[in-house]
Every structure is written in structure tokens, then in C-alpha cells.
Number of protein chains: 2
Amino acid sequence: MPNINAGRLLSDLRRLAQFGAYRTGVHRPTYSKEDMDSRRWLAQQYEAVGLQAHIDGVGNVFGTPRSDRRSLLIGSHAESQNHAGWLDGALGVIYGLEIARTFAETPDCASLPIASVAWADEEGHYVSMLGSRSFVGDIDEAEIDRAGNVDDGLPLREALRTAGLAGVPRSLAEPERYVGYLEAHIEQGDALEASRKRIGVVTSIVGTWQYSIVFHGIQNHAGTTRMAIRRDAGVAAATLAMAIARRFPEVAGPRSVWTIGRITLDPGAPNIIPGKAEMLFQFRDSEMPVLERLDAVIRELVEETAIKTGCRAEIEQTETGKPWHMDPAFQDAIENAAARRAPGAYVRMPSGASHDAQVVARKLRAAMLFIPSIGGVSHHWTENTDEADLVLGCQVLADAAETILRREGQPMGEEALLNDHG
Amino acid sequence: MPNINAGRLLSDLRRLAQFGAYRTGVHRPTYSKEDMDSRRWLAQQYEAVGLQAHIDGVGNVFGTPRSDRRSLLIGSHAESQNHAGWLDGALGVIYGLEIARTFAETPDCASLPIASVAWADEEGHYVSMLGSRSFVGDIDEAEIDRAGNVDDGLPLREALRTAGLAGVPRSLAEPERYVGYLEAHIEQGDALEASRKRIGVVTSIVGTWQYSIVFHGIQNHAGTTRMAIRRDAGVAAATLAMAIARRFPEVAGPRSVWTIGRITLDPGAPNIIPGKAEMLFQFRDSEMPVLERLDAVIRELVEETAIKTGCRAEIEQTETGKPWHMDPAFQDAIENAAARRAPGAYVRMPSGASHDAQVVARKLRAAMLFIPSIGGVSHHWTENTDEADLVLGCQVLADAAETILRREGQPMGEEALLNDHG
């Protein structure tokens with residue numbers, strides 16, 4: 001039975017948090033110097049465990065076992081949102097490292113191969129889930145050519161070149177090499193804390209649909225243009241925002257969420273009537289029919305707003321993540337481990353956040369484990385989790401990994417069927 | 001009688017428009033290389049007319065006559081809004097140059113001293129009306145120390161240093177040296193065009209009151225935070241925008257205008273609930289009681305919105321321009337000239353836009369003349385005016401200048417009383 005080393009786990013989590021440390025959190029955008037330094041450091045740790053480490057063409061860091069048995073891939077993403085928390089994806093990355101290390105030094109687990117991974121750009125500084133999407137073959141060179149940084153527009157190609165990844169091949173999933181994929185993450189919400197649970201067994205991951213909505217009005221002088229003849233694109237944006245706030249609660253599902261993350265008025269000067277307004281809008285739900293209904297409603301509201309305000313409107317869907325259900329047998333393995341290590345302190349729950357697991361699940365059997373976020377805070381430098389929960393989560397995931405590998409682990413190539421589900 | 005040189009006027013207008021040319025307009029932000037090049041070019045033109053040229057510590061360019069008689073100051077501002085029109089303030093600046101030149105070469109006007117000026121940063125890239133406010137002694141070094149560029153935050157001090165103005169003294173108005181101030185400008189609205197008039201005699205200039213309004217909510221993950229517990233600062237901003245759109249028409253004056261020029265959501269990422277929202281808001285009117293009423297209403301709406309949305313609100317007034325009435329005798333001089341040069345094609349009107357004239361009027365008698373803007377377009381690179389109107393406006397202003405100087409012009413020091421009005 002694998003017993004993880006709590007001290008080593010916590011010190012590695014804190015070590016990784018030093019790359020791009022910001023107040024009590026981290027600022028480690030994808031392909032920044034801090035991000036690439038942390039990926040090279042991770043590669044060294046994988047090597048130290050005896051894994052074969054390599055960084056692929058989009059920055060994914062893999063640590064693969066030297067074994068003829070199919071391995072269980074464990075990890076998450078290494079970069080952070082801007083000025084965000086020290087755990088988030090980093091938690092799952094260090095869990096993958098610690099579990100590989102624990103198995104390697106535990107005699108009766110040494111033959112159970114663990115592979116570790118740190119995905120790139122799950123946070124979408126350039127392309128959401130870039131690393132895992134590349135791994136499952138869901139991204140082509142043309143999309144990489146088109147992509148730029150969401151904050152400063154820096155072309156992804158240039159960022160990859162600066163990061164030393166130009167020309168490096170991207171690693172594609174070889175399903176026959178893996179039993180499946182496990183990912184741990186902080187909940188990023190307050191459900192576990194509110195219900196006094198310590199482990200969440202993820203049942204499904206919501207789909208996120210995202211839109212760029214642009215209103216074109218008439219730019220003019222804010223002092224000399226009579227109110228009666230204005231076509232103010234900013235007023236159109238505010239009108240749509242209020243229409244969403246009024247209408248969405250009527251048509252959304254019980255767990256649906258929606259957010260306007262950005263509003264940009266052009267030219268953005270105090271004495272000029274905005275001629276153009278751009279909004280970034282998204283909604284999430286775990287059920288396709290709900291997502292499709294909300295898609296119809298937002299398009300309808302944009303059209304109504306355009307007519308009402310006399311501004312021309314454009315709506316472009318920029319992201320359409322499918323909701324994904326986690327592997328039932330893997331969920332059981334996590335739940336049984338939780339029942340042993342934290343009796344009565346675990347719960348099955350959907351994930352309101354997107355995760356690499358929903359992408360990897362297209363090719364490999366996959367499941368996720370959540371631990372509590374203090375106050376439900378996430379994507380902010382104050383994000384945190386109790387040390388006891390950090391340790392418990394890793395131990396539960398290690399136990400689940402053992403169960404899965406003992407039951408499913410076989411020489412490669414003998415489970416083709418199982419892997420054809422995605 | 002001064003007859004301006006139409007060809008020379010138009011070619012100088014086009015020459016000035018080459019500094020920072022952008023499509024059919026100009027991009028000449030205050031203290032940019034293009035702006036400073038244009039100011040040095042203007043100084044050369046003033047010298048060529050026989051005026052004494054100098055650029056002061058905030059970039060104001062003065063061309064002062066070598067004469068013991070009190071002169072009439074004529075000009076406007078030389079910089080442009082970003083990617084804006086070729087006329088705007090440049091029109092009045094070149095009028096000042098052309099009129100000085102015309103008087104110098106017209107025998108019976110040669111003894112009537114014209115002073116020319118090109119103010120700096122009326123457009124407020126750093127501080128609205130910086131140049132004219134400095135001239136009337138309404139700005140101190142501390143305000144200059146605090147100021148930064150509205151777009152990129154570059155400190156004003158650094159911009160002045162780069163422009164070569166560090167340590168250069170700022171010129172203060174000496175009322176005894178001037179009979180008064182005349183400024184010409186495009187209307188920037190469609191009132192003249194709509195009423196088929198070619199000359200506007202400005203009666204008063206509106207006051208512009210500007211505010212920075214900030215809502216503080218709770219930044220959190222856009223996928224895991226239930227709608228019920230959100231404190232979305234962006235929703236608060238949109239709620240206020242709609243409250244303004246609903247309430248202001250009920251309390252505003254017949255000519256009041258109001259504009260939200262910028263909305264910034266922080267951090268501005270698609271999958272993060274905005275924790276902070278900042279809005280730039282302004283309104284204008286020519287009557288103080290109306291301005292005071294609107295001030296009370298916006299503060300009331302901000303408070304209501306904060307309570308309604310659970311976000312903490314801050315409102316800071318960043319600009320409080322007093323409305324200002326133009327000098328009656330100067331208005332008559334412009335109107336009489338218009339009656340001679342364009343019978344029936346002139347009208348008295350207030351200015352919905354702010355102008356340096358309202359600042360200079362605190363120290364000198366002042367008046368303004370408007371010419372039509374095609375389609376009322378302003379602060380946009382498509383801004384334009386018929387050549388015939390460009391020429392007519394300059395001629396009318398030259399005639400008015402002659403009338404004023406013949407009536408008011410006397411050796412310095414003998415009109416102390418007249419200049420104590422401001």
C-alpha cells in the first residue's frame with residue numbers, strides 16, 4: 001500500500017510556487033520565463049524519480065516510466081492565471097510527481113507504472129487547453145499560427161520560439177500505452193467547504209461556451225452630439241448585459257453559470273462616444289441541451305439589443321467545450337479510497353470548471369478528484385487550502401491509482417477495446 | 001481691410017496635417033514626436049511673420065509681436081485626439097498664423113498687433129486644457145507631478161522631459177499685454193450644417209463634469225461560483241449605465257449631454273468574475289444649476305447601484321469645467337463681420353464642446369467662431385469641412401480682429417479695468 005510523504009509533497013508544492021511568486025500566490029503565465037523555468041525544474045524531478053522526462057512542442061512536460069506495462073497518467077497544468085493562486089493546476093502536477101515517487105519506493109507498488117504530466121496553457125493565455133488538446137490530436141498547426149496572447153496579442157508562434165520550443169515535435173496520445181488518466185485539482189468553489197467535505201469525486205465536467213460579441217455604433221464627440229442622434233456602442237453593451245441578467249435566470253439550468261469577463265469600449269476616451277464595444281461572454285453547464293438553449297437565447301438577445309439601440313451587432317462563438325462524464329470505474333476507485341482515508345468526508349459532484357481531464361477523456365479513461373478551496377476563492381492570489389486537505393487528497397489519489405493499476409494494468413496492447421471508448 | 005490669402009491658408013492647414021498623418025486625418029497625441037515637430041514648425045512660421053516665437057514649459061507655442069501696443073491673441077490647440085481629424089484645433093492655430101501674416105502685409109492693418117498661440121493638450125492626453133490652464137495660472141507643479149497619460153500611464157514629467165521641455169519656464173498671462181483672445185474651431189456637431197449656416201458665433205461654452213466611478217465586487221472563478229453568491233463588479237457597472245440611461249433624460253436640461261467613455265473590467269479575463277469595474281463618465285451643460293443637479297443624481301444612482309448589486313462603490317469627480325459666457329462686444333464684432341461676408345448664413349449658438357477659450361476667458365476677454373463640420377463628425381479621422389467654409393471662417397475672424405483692435409487697441413497699461421473682469 002503506497003504511503004505518500006506529506007513533508008516532501010508540501011515542500012515541492014511550495015518550491016513550484018516560487019516560480020513567479022506573487023504575494024501569497026503566483027503569476028506564471030504560459031511560456032513566460034517563470035513558466036518555462038518551472039517546466040524544466042519539473043522535468044528534472046521526473047528524471048530523479050527514474051522517469052524518462054521530455055518537454056514537447058507546446059510545453060507539455062511528460063515523465064514516462066521505463067516499463068512494458070501500461071501506465072496510469074497523473075497530472076494537471078503547470079501555468080497559472082495572471083496574479084492567481086499557488087495551487088490550482090500546480091496541485092495536480094505535484095500529486096503526479098509525488099505518487100510516481102511513492103510507487104517507485106514502495107516495494108509492492110514498484111511494478112505499477114505511474115506516468116506524470118504537466119500540461120501547457122489550460123488557462124488559455126493563448127488557447128484554452130492547448131497542451132491536452134494537442135495531446136489528443138485536436139489542434140492543428142493552422143490554429144497555432146492564428147493564436148495570440150489574450151492580453152497583449154503576442155503571436156503564439158513567437159511565444160513558442162522565445163520559450164525554445166520552435167520545431168520541437170508535439171507528443172500525441174498513444175492510448176495503448178496508458179490505463180487512463182487521473183487529475184486532482186482544488187474545487188475552486190465553496191461546495192465542499194460549505195458541506196464540510198474534504199474530497200470531491202468528480203462525476204462530470206461542464207462544457208464552457210464562449211463568445212465574442214461586438215456592437216458597432218457611431219463614434220462622435222461627447223459634447224456636441226445631441227443625445228437624440230447618438231448610436232452609442234457602449235450603451236448597447238450595457239443594454240445586452242442587463243438583458244442577460246434578466247433573461248438567463250429564466251432559461252438556465254439549476255447549475256448553469258454565465259459571465260461577462262471583459263467589456264472594451266473603443267476608442268475608450270472620456271469625451272468620445274464609443275463607436276465600438278466588444279464583450280467576452282461565456283456560460284457553462286454539464287448538459288448539452290441546456291448549453292444549446294442558452295446559445296439560442298444569447299443570439300436572440302444580441303439581435304434584440306442591436307434593433308433596440310440602432311447598433312450593428314456581431315456574435316462569434318470562440319469556444320464550445322463539450323460536457324464530459326468521468327469514467328465510472330475510476331470514480332469508484334477514488335470513492336473507495338476516500339471512504340477508507342476520510343470516512344463520511346467525501347461526495348460525488350460535477351465540476352463547474354473546465355479541466356484538461358475533459359479533453360484527455362476523449363482518448364483515455366479519465367477521472368478527477370477535488371479538494372476544498374478555502375472560502376471557495378480561485379483565480380486570485382489569496383486562493384488556499386488547508387495543509388491536511390492537501391495531504392489527504394494526494395493519499396486518496398495514490399490509493400485510487402493502486403486499485404486502478406492492479407485491476408486494469410496489463411502488458412501493452414491487450415486492452416485495445418477499453419481504449420476505444422473516447 | 002485685411003484680405004486673407006486662401007491658397008496659403010489651405011496649404012498651411014494641409015502642411016500641419018502632415019505631422020502624424022493618419023488616413024485622411026491625423027494621429028498627433030500631445031508631446032509625441034509628431035506633436036513636438038509640428039510645434040517647432042509653427043514656431044518657425046511665427047518667426048517668418050516677424051513674431052517673436054517661443055515654446056513654453058508645457059509646450060504652448062507663442063508668437064508675440066514686437067510692439068508697444070496691446071495685441072489680440074488668436075489661436076487654438078495643436079495636438080489631436082488619437083486617430084482623429086485634421087482640423088479640430090489645428091484650424092484655429094493656422095487661422096492665428098494666417099491672420100497675423102495678413103495684418104503684417106496689409107498696410108492699414110500693419111500697426112494692429114496680432115499674437116498667435118498653439119496651446120498644448122487641450123485634448124487631455126495628460127490633463128485637459130493643460131496649456132491654457134497653465135497660461136492663466138490654474139495649474140501647479142504638484143498637479144503636473146501627479147499627472148500621467150490616460151492611455152498608457154506615462155508620467156507627464158517623463159513626457160515633458162522626452163519632449164525637451166524639462167526645466168523650461170511656463171508662460172503666464174499678462175492681461176495688460178492683450179486686448180483679448182479669439183479662437184476658431186470646427187463646430188464638431190451638425191447644428192450649422194442642419195440649419196444651412198456657415199458661421200457660428202459662440203455665446204457660451206458648456207461646463208464638462210467628469211467622474212471616475214469604481215465598483216468593487218468579489219473576483220472569483222466564472223465556472224465554480226454559483227450565480228446566487230456572486231458580487232460581479234461588471235454587472236454593477238452595466239446596472240449603473242442603464243440607470244443613467246433611464247434617469248438622466250428626466251432630470252437633464254434640453255441641451256445636456258452625458259457619456260460613458262470607458263468601462264474597464266478587472267482582471268478582464270473570460271473565465272474570471274470581474275472583481276473591479278471602472279467607468280469614465282461625464283456630462284455637459286451651459287448652466288451651473290443643471291450641472292449641480294446632474295452631479296447630485298449621478299452620486300445618488302451610484303449609491304443605489306452599490307446597494308442593489310452588493311458591490312462597494314467609489315465616485316471621484318475628476319473634472320469640473322465651469323460654463324463660460326463669451327465677451328459680448330467680441331461676439332458683436334464676429335457677428336458684424338459674418339453679416340458682411342456671409343449675409344444670412346450665421347447664427348449665435350452655445351458650444352457643446354469644451355475649448356481653451358473658456359479657460360483663457362478667466363484672464364482675458366474672449367470669444368469664439370465656429371465653422372461647419374461635415375455630417376457633424378468630430379474626433380474621428382473622417383472629420384472634414386468644405387474648403388469654402390475653411391476660407392470664410394478665417395476671413396470673418398480677420399475682420400472681427402480688425403474691428404476689435406481698432407476699437408480696443410491702445411498702448412499697454414491703459415485698460416487695466418477692462419481686464420479685471422475675469
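Residues numbered from 1 in each chain as written. Chains lettered and ligands numbered in written order. Predicted model: local features only at pLDDT ≥ 70, side-chain atom pairs only at ≥ 80, totals over all residues. Heavy atoms only, no water.

Novice: Just to check I follow, could you spell out the overall build of chain A for this structure?
Specialist: Looking only at helices and strands, one finds twelve helices and 17 strands in chain A. Taken against the 2.2 N^0.38 rule, which gives 22 Å for 422 residues, the C-alpha radius of gyration of chain A at 23 Å falls within 12% of a compact globule. Overall size of chain A, expressed as C-alpha extent along the three principal axes, is 80 × 45 × 45 Å. Looking at chain A residue by residue over its 422 residues, the buried ones come to 62%. If you sum the accessible surface of chain A, you get close to 15,200 Å²; carbon and sulfur atoms cover 51% of it. Charged side chains in chain A number 43 positive and 57 negative. The centres of these two groups are separated by 2 Å. (Helix = DSSP H or I, 4+ residues; strand = E, 2+ residues; numbered from the N terminus. Rg over C-alpha atoms; globule rule 2.2 N^0.38 Å. Buried < 20%, exposed > 50% of the residue type's maximum accessible area, 1.4 Å probe, protein only. Areas by Shrake-Rupley, 256 points an atom, 1.4 Å probe, with all protein chains shown as cover. Lys, Arg positive; Asp, Glu negative; His and termini not counted. Charge placed at Lys NZ, Arg CZ, Asp CG, Glu CD.)

Novice: What is the right way to read the packing of aromatic side chains from this model?
Specialist: The description of an aromatic ring pair uses the distance of the two centres, along with the angle that the planes make with each other. Inspection of the entire model under this criterion finds 28 aromatic pairs over all chains. Centroid distance W119(A) to F135(A): 5.0 Å. Interplanar angle 55°. Geometry classified as tilted. With W119(A) in strand β6 (residues 114-119) and F135(A) in helix α4 (residues 130-135), this pair connects stretches of sequence that are 16 residues apart. A single burial state applies to W119(A) and to F135(A), both of which are buried. Between Y31(B) and Y126(B) the ring centres are 5.7 Å apart and the planes differ by 45°, which places this aromatic pair in the tilted class. Highlighted residues: Y31(B) in the loop between β2 (25-26) and α2 (33-49) and Y126(B) in the loop between β6 (114-119) and α4 (130-135), separated in sequence by 95 residues. Considered together, Y31(B) and Y126(B) belong to a single accessibility category, that of buried residues. (Phe/Tyr/Trp six-rings, centres within 6.5 Å; stacked < 30°, edge-to-face > 60°.)

Novice: Got a minute to help me understand the pattern of salt bridges in this structure?
Specialist: Think of it this way: side chains of opposite charge can pair up when their charged atoms draw near. All names here are of chain A. Tallying each qualifying case throughout the model produces 65 salt bridges over all chains. The shortest N-O distance in the salt bridge between E79 and R39 comes to 3.0 Å. Placement of the pair is E79 in the loop between β5 (71-77) and α3 (88-105) and R39 in helix α2 (residues 33-49), with a sequence separation of 40 residues. The partner of R299 in a salt bridge is D295, with the nearest N and O atoms 3.1 Å apart. Here the residue R299 and the residue D295 both occupy positions in helix α9 (residues 288-309), the gap between them amounting to four residues, near one helical turn. Residue R299 is classed as partly exposed on the basis of its relative accessible area, which comes to 31%. Through salt bridges with shared partners, a single network forms among R8, D12, E98, R101 and E105. (Salt bridge = Lys/Arg side-chain N within 4 Å of Asp/Glu carboxyl O.)

Novice: What am I meant to see in the relation of the copies chain A and chain B here?
Specialist: In this structure, two copies of a chain are linked by a rotation about an axis accompanied by a shift along it. Once turned by 180° and shifted 0.1 Å along the axis, chain A lies on chain B with an RMSD of 0.1 Å. On the angle and the small slide along the axis, the relation comes out as a two-fold axis. The rotation axis passes nearest to the C-alpha of A238(A) in chain A, at a distance of 2.3 Å. By residue overlap, the copies meet face to face through one surface: 100% of the interface positions of chain A are interface positions in chain B. (Least-squares fit on C-alpha atoms with pLDDT ≥ 70 in both. Contact = heavy atoms within 4.5 Å.)

Novice: Explain empty space enclosed by the protein here, please?
Specialist: All names here are of chain A. Scanning all chains against the criterion turns up one cavity of 30 Å³ or more. There is about 60 Å³ of room inside the largest cavity. Lining the largest cavity are 16 residues, with E79, S80, Q81, G85 and D88 sitting closest to its centre. A class-by-class count of the residues in the lining of the largest cavity yields six nonpolar, five polar and five charged. (1 Å grid on protein atoms, 1.4 Å probe; cavity = no way out; pocket = protein on both sides within 12 Å on 5 of 7 lines; lining within 4 Å. Points joined across faces, edges and corners; volume = space filled by probe spheres on them. Nonpolar A, V, L, I, M, F, W, Y, C, P; charged D, E, K, R; others polar.)

Novice: Which parts of the structure should I look at to understand the sheet that holds strand β11 (residues 257-266) of chain B?
Specialist: Whenever strands of a sheet pair, they do so through backbone hydrogen bonds, lying parallel or antiparallel. Residues and elements named next belong to chain B. Judged by pairing direction, the sheet is antiparallel, and its four strands sit side by side in the order β11-β13-β9-β14 without closing on themselves. Bordering the open sheet on either side are β11 and β14 (312-320), each of which pairs with just one other strand. Strand after strand, the sheet turns through a mean of 15° between neighbouring axes, direction not considered. Here ten bridges tie strand β9 (residues 207-216) to strand β13 (residues 276-285), and the two strands are oriented antiparallel to one another. Bridge assignment links H216 to a residue of β13, and that residue is K276. Contacts from helix α8 (residues 233-251) reach β9, β11 and β13, with the element oriented near 15° to β13. Along the sheet, helix α9 (residues 288-309) contacts β9, β13 and β14; its crossing angle with β9, the most-contacted strand, is approximately 5°. (Pairing = 2+ DSSP bridges. Axes fitted to C-alpha atoms, helices over the stretch in contact; angles between N-to-C directions.)

Novice: Is there a simple way to explain the nonpolar core in this structure?
Specialist: Within the largest apolar cluster, 85 residues are counted, with the highest numbers of intra-cluster contacts made by L13(B), L73(B), F103(B), I114(B), F135(B), Y181(B) and L182(B). The element best represented in this core is helix α12 (residues 387-408) of chain B, accounting for eleven residues. (Core = buried A, V, L, I, M, F, W, Y, C linked by side-chain atoms within 4.5 Å.)

Novice: I keep staring at the interface of chain A and chain B and nothing clicks. Help me out?
Specialist: Interface size is often expressed as the accessible area that is lost when the parts come together. Listed per partner, the contact involves 49 residues of chain A and 49 residues of chain B. Interface area, chain A with chain B, both sides summed: about 4,200 Å², of which 55% is carbon and sulfur. When the shortest N-O distance is used, the salt bridge between R226(B) and D190(A) registers 3.4 Å. Remark: the boundary between chain A and chain B carries 18 residue pairs in polar contact (both at pLDDT 80 or more). Taken together, the elements giving at least two residues each to the side of chain A that touches chain B come down to β10 (220-221), α8 (233-251), β11 (257-266), β12 (272-273) and β13 (276-285) of chain A. The dominant element in the side of chain A that touches chain B, judged by the number of residues it contributes, is β11(A), at eight residues. Residue composition of the side of chain A that touches chain B, grouped by class: 20 nonpolar, 22 polar and seven charged. (Buried area = accessible area lost by both parts, 1.4 Å probe. Polar contact = N/O pair within 3.5 Å; in protein donor to acceptor, adjacent residues only side chain to side chain.)

Novice: Looking at this model, I keep getting lost on helix α10 (residues 328-341) of chain A. Mind explaining?
Specialist: Because each turn of an α-helix spans 3.6 residues, side chains separated by three or four positions in sequence point in the same direction. Residues and elements named next belong to chain A. An ideal rise of 1.5 Å per residue puts 20 Å on 14 residues; α10 measures up with 20 Å between its terminal C-alpha atoms. For α10, the full list of buried residues reads F330, Q331, A333, I334, A337 and A338. The buried residues of α10 all sit within an arc of 160° when viewed along its axis, so they share a single face. If you follow the buried residues of α10, they end up packed against β7 (178-186), β8 (199-205), β16 (346-351), β17 (366-371) and α12 (387-408). You can read the cap of α10 off the contacts: a side-chain oxygen lies 3.1 Å from the backbone nitrogen of A329, and it is on D327. (Expected span 1.5 Å × (residues − 1). Arc of directions from axis to C-beta.)

Novice: Where do I start with the pairing of strand β9 (residues 207-216) of chain A in this structure?
Specialist: Each regular strand shows side chains that alternate between the opposite faces of the sheet. All names here are of chain A. Burial analysis of β9 places nine of its ten residues in the buried class, the great majority of the element. Relative to strand β14 (residues 312-320), β9 is paired through eight bridges, and the arrangement is antiparallel. Residue F215 lies in a different strand from β14, and its bridge partner there is A313.

Novice: Honestly, the sheet that holds β13(A) in this entry has me stumped. Any pointers?
Specialist: Residues and elements named next belong to chain A. An order of β11-β13-β9-β14 is seen for the four strands of this open sheet, with the pairing classed as antiparallel. Unpaired on one side and paired on the other, β11 and β14 mark the two borders of the sheet. Pairs of neighbouring strands in the sheet enclose a mean axial angle of 15°, with direction left out of account. Note that β11 and β13 share nine bridges and pair antiparallel.

Novice: Would you take a moment to explain the domain arrangement of chain A for this structure?
Specialist: All names here are of chain A. Each domain of chain A was delimited in the assignment, giving domain 1 (6-206 + 323-421) and domain 2 (208-320). Listed per partner, the contact involves eleven residues of domain 1 and ten residues of domain 2. Around 720 Å² of area is buried between domain 1 and domain 2 when both sides are counted, 50% of it from carbon and sulfur atoms. When residues of domain 1 are sorted by the area they lose upon contact with domain 2, V206, P323 and P350 head the list and together hold 55% of the total. (Domains from an automatic or database assignment.)

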